[in-house]
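Commentary on secondary and tertiary structure
What follows is the residue order along each chain.
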Amino acid sequence: MRPPLDSPDSADNADSTVSVPGRLLVAPQVPAASHQENPVGRDFRDALGSFATGVTVLTALAPDGQPVGVTISSFNSVSLQPPLILWSLACESPRLEAFRQARHYAVNVLAVDQVVVSDRFASREDNRFGGVRTVPGMAGVPLIEGCTAWFECSSEAHYPGGDHLIFLGRVQRFARGEAGEPLIFHGGRYRILGGESGCQ
């Protein structure tokens with residue numbers, strides 16, 4: 001099982017110490033360009049993993065018209081009026097520029113039976129859409145079938161956020177699917193509401 005691509009490998013450079021119940025940890029001082037595994041950085045990542053999230057696949061069309069997609073767990077709502085959402089993508093992602101240039105993209109909220117879809121879009125495979133059923137959405141952006149919900153967005157803005165780029169999207173259309181249970185990611189594992197899915 002691969003974790004969602006936006007899971008942080010290291011913290012930012014903020015100098016912060018927090019006193020909380022449990023083990024006291026200092027946020028790691030690792031240069032943004034460093035790829036060395038850092039023990040405190042791993043603790044920070046594991047602590048972030050204590051926050052359960054849904055699993056989504058962001059889809060768009062690259063400038064050449066080819067579909068692009070990435071597995072993301074950083075999706076969040078921002079505003080109801082206007083309807084805004086945000087998500088982030090690692091600056092090292094080979095698909096960053098395609099999403100940065102995209103005027104439209106879609107958030108596909110995965111259902112509990114779509115672990116294979118999550119893994120496919122978190123992999124390094126070039127043909128991520130092979131075998132994945134989609135339908136064209138707004139501006140031709142592919143929507144993945146079988147999801148619990150879809151949010152079709154226009155690109156509102158993007159902002160630097162350490163080793164990630166933060167995207168702000170304005171929701172133009174949305175829909176809920178027939179699938180009832182969402183796919184959950186927590187503690188480095190896929191889970192379902194009320195228990196584990198048994199997926200490794």
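Residues numbered from 1 in each chain as written. Predicted model: local features only at pLDDT ≥ 70, side-chain atom pairs only at ≥ 80, totals over all residues. Heavy atoms only, no water.

**Overview of the pattern of salt bridges**
To be explicit about the condition: For salt bridges, the criterion is a side-chain nitrogen of Lys or Arg within 4 Å of an Asp or Glu carboxyl oxygen. Categorising residues by exposure relies on relative accessible area from a 1.4 Å probe, with only protein chains included: less than 20% of the type maximum marks a residue as buried, more than 50% marks it as exposed, and the intermediate range marks it as partly exposed. Numbering of helices and strands runs from the N terminus; a helix is a DSSP stretch of H or I covering at least four residues, while a strand is a stretch of E covering at least two.
Considering all chains together, one arrives at five salt bridges under this definition. A salt bridge links Arg120 to Glu125; the shortest N-O distance between them is 3.2 Å. The exposure class of Arg120 is partly exposed, given its relative accessible area of 24%. For Glu125, a relative accessible area of 37% puts it in the partly exposed group. For Arg170, the salt bridge is made with Glu156, and the minimal N-O distance between the two is 3.0 Å. Of the two residues, Arg170 sits in strand β10 (residues 164-176) while Glu156 sits in strand β9 (residues 149-161), which places them 14 residues apart along the sequence. A residue is classified by how much of its surface remains accessible, and Glu156, at 36% relative accessible area, is partly exposed.

**Things to note about the sheet that holds strand β2 (residues 56-61)**
Our working rule: Between any two strands, pairing holds if DSSP finds at least two bridges. For helices, the fitted line uses only the C-alpha atoms of the stretch in contact; every axis is such a line through C-alpha atoms, and the angle between N-to-C directions lies from 0 to 180 degrees. Contacts are assigned to residue pairs with any non-hydrogen atoms lying within 4.5 Å of each other.
With antiparallel pairing, seven strands are arranged side by side in an open sheet as β3-β2-β6-β9-β10-β5-β4. Looking at the sheet topology across the chains shown, the edges are occupied by β3 (67-72) and β4 (76-79). If you compare each strand with its neighbour and ignore which way they point, the axes differ by 35° on average. The pairing of β4 with strand β5 (residues 84-90) spans three bridges and is antiparallel. Looking across to β5, one finds that Ser79 is bridged to Leu84. Packing against the sheet, helix α3 (residues 115-122) makes contact with β2 and β3, and its axis sits at approximately 110° to β3.

**Description of the packing of aromatic side chains**
Short version of the rule: Two aromatic rings, drawn from Phe, Tyr or Trp (for Trp, its six-membered ring), form a pair once their centres lie within 6.5 Å of each other, and the interplanar angle then sorts them: stacked below 30 degrees, edge-to-face above 60, tilted otherwise.
For the structure on display, the rule yields eight aromatic pairs. Here the aromatic rings of Trp87 and Phe99 are separated by 5.3 Å at their centres, their planes lie at 75°, and the arrangement is edge-to-face. A residue pair is termed long-range when its members are at least 10 positions apart, and Trp87 in strand β5 and Phe99 in helix α2 (residues 96-101) qualify at 12 residues. With a relative accessible area of 0%, Trp87 lands in the buried category. With 5.0 Å between their ring centres and 85° between their planes, Phe121 and Phe129 make a pair best called edge-to-face. Residue Phe121 shares its accessibility class with Phe129, and that shared class is buried. These aromatic residues form a ring-pair network of at least three members: Trp87, Phe99, Tyr105 and Phe167.

**Considerations on the environment of Leu58**
Tracing the backbone shows Leu58 in strand β2. C-alpha separation for the pair Leu58 and Ile144, spaced 86 residues apart in sequence, amounts to 9.7 Å. For Leu58, the contacting residues outside a window of four places in its chain are Val68, Gly69, Val70, Ile72, Trp87, Phe99, Tyr105, Ala106 and Val107.

Treat this as a map of the structure, not an account of what it does.
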